[in-house]
Amino acid sequence: GNCITVCNMENFDPMGIHTGESIVVAPSQTLTDEEYHMLRTTALNVVRHLGVVGECNIQYTLDPDSTDYCIIEVNPRLSRSSALASKATGYPLADIAARLALGITLPEIQNAVTRSTCAFFEPSLDYVVTKIPRWDLAKFVQVNQQIGSQMKSVGEVMAIGRTFEESFQKALRMTDVGANGFEPRGDWSDKKLLLDELRRPTPQRPYALAHALINEGMTVDELHDLTDIDKWFLQRCENIARATGVLKERGYADLNEEELRRVKQLGFSDKQVAKLSGKDRGEFEVREHRKSLGIVPYVKQIDTLAAEYPASTNYLYTTYNAEEHDVEVGNDPHRSAMVLGSGTYRIGSSVEFDWCSVSAARTLRALNYRTVVVNYNPETVSTDYDESDRLYFEELSAERVMDIYDFENPKGIIVSVGGQIPNTIALEMHRHGVRILGTSPEMIDSAEDRHKFSKLVDSLDIDQPAWQDLTTVEEAQEFAERVGYPVLVRPSYVLSGAAMNVCYTPEQLKDMLNQAADVSPDHPVLVTKFANNSLEIEFDGVASNGKVVAHAVSEHVEMAGVHSGDATLVLPPQNLHPYYISRVREIAARIAEGLRITGPFNMQLLASGADVSVIECNLRASRSMPFVSKTVNCDFIEVATKAMVGEPTGDPDKLPGLDKPVRPETYVGVKSPMFSFTRLSGADPVLSVEMASTGEVACYGDTVDEALVKSLMASNFRFPKKNILVAGPPDKMHDIAPALHDMTNMGYKLHAVGEAYVFLSRARIPAERLDPPNHRSQFSADSKIKNGEIDLVINLHTPETTDDVGEYAIRRAAVDFAVPTLLNSKLVNAVARAVQELGRNCEPRLRPLSMSDYYAREKAHQRAKVGAPATEQSNALPAGRSGPVY
């Protein structure tokens, strides 16, 4: 049958590093023509022999000194790299594979890019694509930083350029770790550490390579011997290193037009050029200088056929290695808008923000706006070229976005649906004449800057935890002594609680302040009193001109101290007193008016006794907004997008405004986090105010118990059959004693170690005593886990807990042997309540209903409340609570 190869990709790193962990380049740069055709022919023979219909991925290892090769694996399906291959070539693999599965042949399928040729062709690339993974290993305690045959990365970026150097430097910036490009980062003053890094890589290897070339003067041959990276790639890195030396020696102002253009063609950003020229804040000076010389990027198309056929594609990138644009300049400033995506997936920013970007783009197109999307993540829907009128696969930097803005001439830019990156660059773009749609960038800065926001909250007479600006470590320690430990260190302009930490001692405070200053060096760090034993509440809303038009109030199962991204979220709230909901709504109205919000926003609040205080407010879409939108059956981003472009937001009677009852009333949604500790060798699976989860699931039920059980099961949590291991300090055990008592009455057998056993004995809760870990005993806690004798581990760990019995070893063994673990007392109680309500074998009692069923039931219930006949068949609960509280 018909068979083609779509994309050949080459790993920058040598054999031994998982392709998901490696820098990947397309098309292959170091293969000879003979090697390429040898591997291509083999691929076609394998696919035909296996009778594959659809997409197939083959991975090879090739001896660089001969033509010997081996097939590592064959995946006769869409693989993780299929998205990369599709975005790299413009060839929609999943779409084509689906059509082939339906019996449609390749010659019968139209090429969606050229619209004049069929899909029976092999893409030809006149550009270079570079993929670089994104890691977040620094968020985990005791994790092994080395990369190898197991994937640890949480996302990836894809950059497009006309040369490897241009594409490579773009991609390094896109990872959003603070790198300006191929440059030294980190402390490599110890030569042994440098050589170890080059031999046994971590995510820091590109920056160690840059240090070796730029600061140590190491040769390509030396680096090849240490790293086994192909010399061709190292020579390209050497080209960047030479240009770096020129900029350091002469500065950009001393370069003529041709020399500066060459620097830009090598992928140097304006900020990078300014920094190397000795002007750390001279990015916009460089921009104006190069523009005065006529040095601007050109807009090029991804047309799949290297310009052999005319293409009408809207799939674009920019490059300095060109002489003309492939498309016309934008000319509709009144009915066009740009949407900035979320960039690479990382902890704290995943598909939730891409959902928001896509929803905004679709809303704009429905409003007949010409829509321009900018993003660089190959794993996203927003980078499908049929989701917008023009797609730029480009950096989300102020420099590149302003280049595109100048070319497209839109009405303005939406920055509030793509997470933290667009918000961070909004103010500087605004100061240089870019129109930001929605909430003013000055107001965004007032919310993101911890000092400004705390002053604003005080001026609005809204409660917040006691706070103080960081000026010196000594002053911060004096503040902590005055209000009492623990205190919370809070950097500005960060996502997922980066460098946010609870400190229990002066020594911890000093260390965490230094770390926070490194993560957010250009913005203030705040120290606040940390509130123990408080409820945490989530508010998601949309405002128009300072008035809230849609909202939802959710509650965390866990008490304050667990990052909202790691918490179990319940909507509608089942445990919040109406007093708290009323206070939260009141605070939201005042903040929306005070910040003059137009668009989406999110707040976290604390509740304890009669006090409700605000922790933070993000003037952008939140991770929880897709969950909230689906749960209340109202697309918050659609409403926000309409508000931001000045269109009517919809019928107020149908929107969940502040004066409306909590909704839904006939079902409950629960969102649970997903963690990847199994892939992070050595990492301690504990939770804190800094986010650690890498994904999430959400499920629905008639009651909170049903929804919680479904949600936990969807996150791969297995409910225990018999044996439960309990560990933790006695002061934490008090919170779960009734739940443990109930579980023993349900037939579960408890095992305990250390002080937990002593506590259970005194509480008259039967338990079997186990030895601490690493005692080489068949009765030790870790041995029981490894032998499959434990079904669930309960370890109530907090950062101030002392590890007297080796609880880390218990937690790590549970992760390594796939034993579910509960670390939070509130979640333990919720799980115990759910099992008690639904029974130990609860699956037969769970009702699988579609979202359409839930929506129809809610609609029928609302109609019944106002006396209208229920036109839809409904399984509605009686009006009132959605089920038992936990």
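These figures come from a predicted structure and were not determined experimentally. (Residues numbered from 1 in each chain as written. Predicted model: local features only at pLDDT ≥ 70, side-chain atom pairs only at ≥ 80, totals over all residues. Heavy atoms only, no water.)

1. What to know about the sheet that holds strand β12 (residues 413-414)
In step 1: The strand order β7-β8-β11-β10-β9-β12-β13 describes an open sheet built from seven strands, whose pairing is mixed. With partners counted over all chains shown, the strands left at the sheet margins are β7 (298-301) and β13 (436-437), one partner each.
In step 2: With two bridges joining them, β12 and β13 adopt parallel strand pairing. Across the sheet, residue I414 finds its bridge partner in β13, namely L437. (Pairing = 2+ DSSP bridges. Helix = DSSP H or I, 4+ residues; strand = E, 2+ residues; numbered from the N terminus.)

2. Observations concerning the pairing of strand β3 (residues 57-62)
In step 1: Of the pairings in the sheet, the one linking β3 to strand β4 (residues 69-75) comprises six bridges and is antiparallel in character. Counterpart to T61 in the pairing with β4 is C70.
In step 2: Where β3 folds back on β4, the antiparallel hairpin that results is connected by six residues.

3. Examining helix α13 (residues 398-408)
In step 1: α13 sits mainly inside the fold: ten of its eleven residues count as buried.
In step 2: Among the residues of α13, A398, E399, R400, V401, M402, D403, I404, Y405, F407 and E408 are the ones counted as buried.
In step 3: At the exit of α13 stands N409, carrying a positive phi of roughly 50°. (Buried < 20%, exposed > 50% of the residue type's maximum accessible area, 1.4 Å probe, protein only.)

4. Focus: the nonpolar core
In step 1: With 153 residues, the main nonpolar core has L340, I413, M429, F601 and M603 as its most contacted residues.
In step 2: Look past the residues within four positions of I413 in its chain and what remains in contact with it is M338, L340, V401, Y405, M429, V434, R435, I436 and L437.
In step 3: Residues L750, A756, I794 and L846 belong to the second largest nonpolar core, which totals 40 residues. (Core = buried A, V, L, I, M, F, W, Y, C linked by side-chain atoms within 4.5 Å. Contact = heavy atoms within 4.5 Å.)

5. What about the packing of aromatic side chains?
In step 1: For the coordinates displayed, the defined rule picks out 22 aromatic pairs.
In step 2: Ring geometry for F140 versus F677: centroids 5.7 Å apart, planes at 85°, classification edge-to-face. One end of the pair, F140, is in the loop between β5 (128-134) and β6 (155-161); the other, F677, is in the loop between β23 (668-674) and β24 (695-701), and 537 residues separate them in sequence.
In step 3: A ring pair is formed by Y667 and Y854, whose centres lie 5.1 Å apart and whose planes are at 45°; its orientation type is tilted. Highlighted residues: Y667 in the loop between α21 (636-644) and β23 and Y854 in helix α29 (residues 851-865), separated in sequence by 187 residues.
In step 4: Assessed through its relative accessible area of 1%, Y667 is described here as buried.
In step 5: Accessibility expressed as a relative area gives 1% for Y854, which makes it buried.
In step 6: Chaining the aromatic ring pairs together yields one cluster made of F12, F164, F168, F182, W232 and F233.
In step 7: Seen from the ring of Y207, R185 lies directly overhead, with NZ or CZ sitting 5.6 Å from the centre.
In step 8: Over the ring of W232 we find R236, and its NZ or CZ is 4.5 Å from the ring centre. (Phe/Tyr/Trp six-rings, centres within 6.5 Å; stacked < 30°, edge-to-face > 60°. Lys NZ or Arg CZ within 6 Å of the ring centre and 35° of its normal.)

6. Here's the deal with the pattern of salt bridges
In step 1: Taken as a whole and assessed by the stated rule, the structure comprises 52 salt bridges.
In step 2: Among the salt bridges present, the one from D196 reaches R200, with a minimum N-O distance of 3.2 Å.
In step 3: Look at R200 and you get partly exposed, because its relative accessible area is 43%.
In step 4: As a salt-bridge pair, D403 and R290 come within 3.3 Å of each other at their nearest N and O atoms. Placement of D403 in helix α13 and of R290 in helix α11 (residues 283-292) is noted, with a sequence separation of 113 residues between them.
In step 5: We classify R290 as buried; its relative accessible area is 0%. (Salt bridge = Lys/Arg side-chain N within 4 Å of Asp/Glu carboxyl O.)

7. Digging into the sheet that holds β6
The strands that make up a sheet are held in pairs by hydrogen bonds between backbone atoms, and each pair lies either parallel or antiparallel.
In step 1: Spatial ordering of the open sheet is given by β1-β2-β5-β6, a layout of four strands whose pairing is antiparallel. Every other strand in the sheet has two partners, leaving β1 (10-11) and β6 as the edge strands with one partner each.
In step 2: Examined bridge by bridge, β1 and strand β2 (residues 24-26) share two bridges and lie antiparallel to one another. Across the sheet, the residue bridging to N11 is V24, located in β2.
In step 3: In the packing of helix α4 (residues 164-174) onto the sheet, the strands contacted are β2, β5 and β6, and the crossing angle to β6 comes to about 150°. (Axes fitted to C-alpha atoms, helices over the stretch in contact; angles between N-to-C directions.)

8. A word on the environment of S153
In step 1: Here S153 shows up in the loop between β5 and β6.
In step 2: Taking relative accessible area as the criterion, S153 reaches 12% and is therefore assigned buried.
In step 3: Once the C-alpha coordinates of S153 and R134 are considered, the two residues, 19 residues apart in sequence, prove to be 5.5 Å apart.
In step 4: In terms of polar contacts, S153 uses its side chain to reach the backbone carbonyl oxygen of G20, at 3.3 Å. (Polar contact = N/O pair within 3.5 Å; in protein donor to acceptor, adjacent residues only side chain to side chain.)

9. Some words on the confidence of the model for the chain
In step 1: Considering every residue of the chain, the mean pLDDT works out to 90; 94% of them sit at 70 or more.
In step 2: Counting interchain partners and residues more than four positions distant, the pLDDT-below-50 stretch residues 870-886 has 51 contacts. (pLDDT = per-residue confidence, 0-100.)

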